[in-house]
Amino acid sequence: MSAAVAPVPVPVPALVPSRRAWLTDLPVLAVAAVWGASYLAAKGITTTHTVIAVLVLRFAIVLPVLVVAGWRKLRALTGAQWRGAGLLGLMLSGIFLLETYGVVHTSATNAGLIISLTMIFTPLAEAAVTRVRPPASFVAAAGLSVAGVILLTQGGGFTSPSGGDLLMLLAALARTAHVLAMARIKAVRSADSLSLTTVQLGSAVAVFVVLAALPGTGASPWSVAADFGPREWAGLVFLSVFCTLFAFFVQMWSVRRTSPSRVSLLLGTEPLWAAAVGIGLGGERLGVLGVAGAVLVLAGTAWGRRSADRDRAGGGEAGATAS
């Protein structure tokens, strides 16, 4: 359940010395690990009646830190950038609602693996928008991933997917729409990444606060906070500090010391960590069909990512030659 948007790519050194590369890779892998663990953490402190309250608390804790850290650049945003980031924040609120309600009603393992389909959906949606046919290998990888999800949700036998599985699938589609919108809203392309994230999270928190004030939307943030014990507070701090603040700043730090592609590849291990944490710490079981589905999802997303990267590199080289 990643909370930070991807940093704006910046010029980076062409090569990172191999003996030092692991010093950059380890923090990024740590981000992938905490994101993978976030599904079990959210499941442990959230119920159907406390989803909105937990979201308010989670992001209200980190938002002041982000505002203070980026106050100068935040003030420099133009009106168009504020509006664009605010719109993206509304979309982000929908993603978090779908993800959090979804993880309440499915396993942490399923949640982490199904949301990884965003890596497949995004290039397919981009191809549909640009009317550029994706490589055959990518289409095959997408089919493999979808087949994997079908098997994954049938881990206990051939039954209908759970409501949580369907919500996580919708969250993956919503993430795809968010990525495409971020790429197509011109005003935000040149915006500072910290400021962009701060406005988006602020907009999302505003949505959660309004929803929390409506009758019938569950417990209030204050009553939930009062009922939390040490375990629940530990889970909330983990989601706020590690899965949001730590993750965002590591992304900003690492993308300036290595390539965005390398960072993306390492962050792509998130579903592996989600499965490992769900099974190892959460005591979840997939069954034979579920294990087969998990393998297909991981193989399909890895294959699809490599295929998309190769296609992008080929297009980039052609573009460079033409210019």
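(A) Quick peek at unusual backbone geometry. Positive phi, close to 60°, is recorded for Arg-131, a residue that is not glycine. By relative accessible area, Arg-131 is classed as exposed at 77%.

(B) Expanded view of a nonpolar patch on the surface. Taken together, the side chains of Ile-61, Trp-233, Val-237, Val-241 and Phe-242 define a hydrophobic patch exposed on the protein surface, amounting to about 380 Å² of accessible area. With 4 residues, the top contributor of residues to the nonpolar patch is helix H12 (residues 230-255). Mapped onto the elements, Ile-61 comes out in helix H2 (residues 51-69). Assessed through its relative accessible area of 35%, Ile-61 is described here as partly exposed.

(C) Layout of the packing of aromatic side chains. A full pass over the atoms with the stated rule returns 6 aromatic pairs. Taken together, a centroid distance of 6.4 Å and an interplanar angle of 25° make the contact between Phe-59 and Phe-208 stacked. Residue Phe-59 is found in helix H2, and its partner Phe-208 is found in helix H10 (residues 193-213); the two are separated by 149 residues along the sequence. You'll find Phe-59 and Phe-208 in the same group, each marked buried.

(D) Spatial organisation of the nonpolar core. Counting 39 residues, the largest nonpolar core has Trp-35, Tyr-39 and Phe-228 as its most contacted members. The element contributing the most residues to this core is helix H1 (residues 18-45), with 8 residues. Residues Leu-97, Leu-194, Leu-201 and Ala-204 belong to the second largest nonpolar core, which totals 23 residues.

(E) Fine view of the packing of helix H4 (residues 79-104) against helix H8 (residues 163-184). Viewed as axis vectors pointing N to C, H4 and H8 meet at an angle of 160°, and their least axial separation amounts to 8 Å. Taken together, the axes of H4 and H8 are roughly antiparallel relative to one another. Crossing of H4 against H8: the hand is left-handed. Here Leu-88, Met-91, Leu-92, Ile-95, Leu-98, Glu-99, Tyr-101, Gly-102 and Val-103 of H4 lie close against H8, whose contacting residues are Gly-164, Leu-167, Met-168, Leu-170, Ala-171, Ala-174, Arg-175, Ala-177, His-178, Ala-181 and Met-182. Residues that form the contact of H4 with H8 fall into these classes: 15 nonpolar, 3 polar and 2 charged.

(F) The arrangement of the pattern of salt bridges in detail. Tallied over the full model, the rule gives 3 salt bridges. Here Glu-99 makes a salt bridge to Arg-175, at a shortest N to O gap of 2.8 Å. With a gap of 76 residues between them, Glu-99 in helix H4 and Arg-175 in helix H8 connect regions that are remote in the sequence. Classification of Arg-175 by relative accessible area gives buried; the value is 14%. With a shortest N-O distance of 3.1 Å, Glu-232 and Arg-231 are connected by a salt bridge. Residue Arg-231 is classed as exposed on the basis of its relative accessible area of 54%.

Calculation notes
Residues numbered from 1 in each chain as written. Predicted model: local features only at pLDDT ≥ 70, side-chain atom pairs only at ≥ 80, totals over all residues. Heavy atoms only, no water. Buried < 20%, exposed > 50% of the residue type's maximum accessible area, 1.4 Å probe, protein only. Patch = residues over 30% accessible without salt bridge, like charges linked within 9 Å, V, L, I, M, F, W, Y side chains within 5 Å. Areas by Shrake-Rupley, 256 points an atom, 1.4 Å probe, with all protein chains shown as cover. Salt bridge = Lys/Arg side-chain N within 4 Å of Asp/Glu carboxyl O. Helix = DSSP H or I, 4+ residues; strand = E, 2+ residues; numbered from the N terminus. Phe/Tyr/Trp six-rings, centres within 6.5 Å; stacked < 30°, edge-to-face > 60°. Core = buried A, V, L, I, M, F, W, Y, C linked by side-chain atoms within 4.5 Å. Axes fitted to C-alpha atoms, helices over the stretch in contact; angles between N-to-C directions. Parallel < 35°, antiparallel > 145°, perpendicular 65-115°, else oblique. Left-handed = near helix turned anticlockwise from the far one by under 90°. Contact = heavy atoms within 4.5 Å. Nonpolar A, V, L, I, M, F, W, Y, C, P; charged D, E, K, R; others polar.

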